[in-house]
Structures are given as C-alpha cells and as structure tokens.
Amino acid sequence: LGELGLSAFFDHPKPLELVKKALQIGTKDSDIILDFFSGSGTTAHAVLDLNKQDGGNRKFILVQLPEPCAEDSEAFKAGYKTIADIGKERIRRAGQKIKVENALIAPDLDIGFRVLKIDSSNMKDVYYAPDAVKQGDLLAQVDNIREDRTPEDLLFQVLLDWGVDLALPITQETIAGKQVFFVDGNALAACFETGINEEFVKALAARHPLRAVFRDAGFGSDSVKINIEQIFKLISPTTEVKAI
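Residues numbered from 1 in each chain as written. Predicted model: local features only at pLDDT ≥ 70, side-chain atom pairs only at ≥ 80, totals over all residues. Heavy atoms only, no water.

> Go over the overall build of the protein chain with me, naming the residues and quoting the values.
On a plain count of helices and strands, the protein chain comes out with seven helices and seven strands. When the elements of the protein chain are put in sequence order from the N terminus, they spell out α-β-α-β-α-α-α-β-β-β-α-β-α-β. Across its three principal directions, the C-alpha atoms of the protein chain cover 60 × 45 × 30 Å. When the 244 residues of the protein chain are sorted by exposure, 38% land in the buried category. Considering only contacts in the protein chain between residues 6 or more positions apart, those separated by 24 or more positions represent 58%. Taken as a whole, the protein chain presents about 14600 Å² of accessible surface, with 54% of it coming from carbon and sulfur. When the 29 positive and 37 negative side-chain charges of the protein chain are each reduced to one mean point, those points stand 3 Å apart. (Helix = DSSP H or I, 4+ residues; strand = E, 2+ residues; numbered from the N terminus. Buried < 20%, exposed > 50% of the residue type's maximum accessible area, 1.4 Å probe, protein only. Contact = heavy atoms within 4.5 Å. Areas by Shrake-Rupley, 256 points an atom, 1.4 Å probe, with all protein chains shown as cover. Lys, Arg positive; Asp, Glu negative; His and termini not counted. Charge placed at Lys NZ, Arg CZ, Asp CG, Glu CD.)

> Break down the pairing of strand S3 (residues 170-175) for me, citing the residues and quoting the values.
Sheet topology note: the S3/strand S4 (residues 178-183) ladder contains six bridges and is antiparallel. When the sheet's bridge partners are listed, Ile170 is paired in S4 with Val183. Where S3 folds back onto S4 in an antiparallel hairpin, the turn is made up of two residues, including Ala176, whose phi is positive at roughly 50 degrees. (Pairing = 2+ DSSP bridges.)

> Kindly report on the side chain of Lys178, identifying the contributing residues and their values.
When you line up the elements, Lys178 lands in strand S4. No salt bridge forms around the buried Lys178; measuring N to O, its nearest opposite-charge neighbour Glu193 is 4.4 Å away. Polar contacts involving the side chain of Lys178 include one to the main-chain carbonyl oxygen of Thr194, which spans 2.7 Å. (Salt bridge = Lys/Arg side-chain N within 4 Å of Asp/Glu carboxyl O. Polar contact = N/O pair within 3.5 Å; in protein donor to acceptor, adjacent residues only side chain to side chain.)

> Requested: an account of the sheet that holds strand S7 (residues 240-243), with residues and values cited.
One open sheet holds the five strands; their spatial order is S3-S4-S5-S6-S7, and the pairing between them is mixed. Among the strands making up the open sheet, the edge pair consists of S3 and S7. Strand-to-strand twist in this sheet, taken as the mean axis angle between neighbours without regard to direction, amounts to 20 degrees. (Axes fitted to C-alpha atoms, helices over the stretch in contact; angles between N-to-C directions.)

> Pulling in residues and values, what's your account of helix H2 (residues 42-54)?
Given a rise of 1.5 Å per residue, 13 residues ought to cover 18 Å, and the 18 Å separating the end C-alpha atoms of H2 matches this to within 8%. Burial within H2 is extensive, with 10 of its 13 residues counted as buried. Of the positions making up H2, those classed as buried are Thr42, Thr43, Ala44, His45, Ala46, Val47, Leu48, Asp49, Leu50 and Asn51. Following H2 by one or two positions, Gly55 has its phi on the positive side, about 75 degrees. (Expected span 1.5 Å × (residues − 1).)

> Got a sec to walk through the packing of aromatic side chains? Specific residues and values, please.
By the definition in use, this model includes four aromatic pairs. An angle of 85 degrees between the planes, with centres 6.5 Å apart, marks the rings of Phe200 and Phe214 as edge-to-face. With Phe200 in helix H6 (residues 198-205) and Phe214 in strand S6 (residues 211-214), this pair connects stretches of sequence that are 14 residues apart. Neither residue differs from the other here; Phe200 and Phe214 are each classed as buried. A network of ring pairs unites the aromatic residues Phe200, Phe214, Phe219 and Phe232 as a single cluster. The ring centre of Trp162 lies 5.7 Å from the NZ or CZ of Arg211, which sits over that ring. (Phe/Tyr/Trp six-rings, centres within 6.5 Å; stacked < 30°, edge-to-face > 60°. Lys NZ or Arg CZ within 6 Å of the ring centre and 35° of its normal.)

> Can you break down helix H1 (residues 16-26) residue by residue, with the values?
If you check which residues of H1 are buried, you get Leu16, Val19, Lys20 and Leu23. Down the axis of H1, the buried set is contained in an arc of 100 degrees. They therefore lie on one face. Exposed residues lying more than 90 degrees from the buried face of H1 are Glu17, Leu18, Ile25 and Gly26. The inward-facing, buried residues of H1 abut strand S1 (32-35) and H2. (Arc of directions from axis to C-beta.)

> Could you give an account of the environment of Leu18, naming the residues involved and the relevant values?
Tracing the backbone shows Leu18 in helix H1. Separated by 28 residues in the primary sequence, Leu18 and Ala46 have C-alpha atoms spaced 9.0 Å apart.

> Account for the pattern of salt bridges, naming residues and giving values.
Evaluated as defined, the whole model comprises 13 salt bridges. In this structure, Lys52 engages Asp49 in a salt bridge whose closest nitrogen and oxygen atoms are separated by 3.2 Å. Taken together, the positions of Lys52 and Asp49, both in helix H2 and three residues apart, correspond to about one turn of that helix. A relative accessible area of 21% means that Lys52 is categorised as partly exposed.

Set out below in structure tokens:
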C-alpha cells in the first residue's frame, strides 16, 4: 500500500503478489473472482494488475461490512470513516496507477467498478389489514416509493428484478425534457421522473428498447398510463413495458 499512499491505514494487508499468484494458478482470463472479506481491496488490485499483465478480462466482486475506523486512527483522521471507504480508495488509486503506467501496452484496460449497498426495499409498506386502514392513509399511498430514494436506487432494483447484469454499461440521455437511463445500449430504458406524457412515451418508443420501465406515480394522467402499452405496441411491439 506504500506506493498508493495508504500504508498507514492497514497493519496487515494481504500481500498483493501472493493474491496475484493464486489468481494465476486458479483462474482463467474471463473468470469472476469473489472475495467475501475484502479488507483493503487487495483482491481487486491483484485482478486489475493481472489483467494488465496477461490481457485478461477478469472481474471482481468484493464484499466488506462498513466496519468503522477508530476515531484515533490515521485512517479516520484522513477522512475514511469505514474499512470499506479505504478499500474503495485503494481500488481507485491502484486502477489509475496501473492505467497510467501501462497506457501504451494496455490502452483499453478497464479499471471501473461500481459500489452497491444493501438497503431496505424502495417501496413503501402498504400491506395492512382492511380494518387498519384509515381514510387519511390513502393519501400516503398516492406514490408507492419511499421519499428518500434516488432514480439510481430504483434503476438497480429494476435490474435485480429483471435479472440484468449489474456490471453492464449505463448511460443517461434527455428525451423530451426527461432524464432516461439506458442500460447496455437498448437492453433497458428507464425513466423515473414525473409528468410522463404521450409525447415522451412516443419518443422513447421510437428508440425501440428491449425493455422500458416507468414510475407508477410518474404518469401525467390516467389516460397516459392506460395508453402507454398501446403506444409501444404500435411503435415498438417487441418492447416489454413495466411500471413500478
């Protein structure tokens, strides 16, 4: 970790060369490596370094509890609140270092990664016995999604529900004034904004996505919600449409 400026934050990190050797012996160049105790992120560092070395396309999945750093530790003083925070920074620095040092021999080396956290459902709790529901409660059910959830939260729920690879590329575009996520090109299009109208739906359908998903409370009117499937059937009949 010394070359990355993080040596003061871990007493006994896994040896990088030892993990690389294990990967060389036990993996092929397109395997997925899983580390359930990622610590400082040595496994990710080793995967990136080995991919650079042999041109492989290995991927990694690291699992780490957000174990708090002691408040008197050097890591905490440097702004890292948890072990996971240090690991993420180590992967960023290692990737950038490998990319810069090998720009000529490995110009297309992929050093990207995503950070996902386990959380409760994005959906509000709506399962009540009939005699427990009061008239005032109905107003709270106009939108079935929790108020503190971001569009990205909803997108990754959809990816999980549909069994879509979480590592696929994601881009954002503006269509008819609405922000739309496109996953793996046209594999999935998702818009979680409000005020969805037929103009927008027609513009999105013209892109012919394989799947399209909207926020159930995002439609500008009931007629738009009713007509959306018909619009897609006319313009993009192969698109699977869903509202959450």
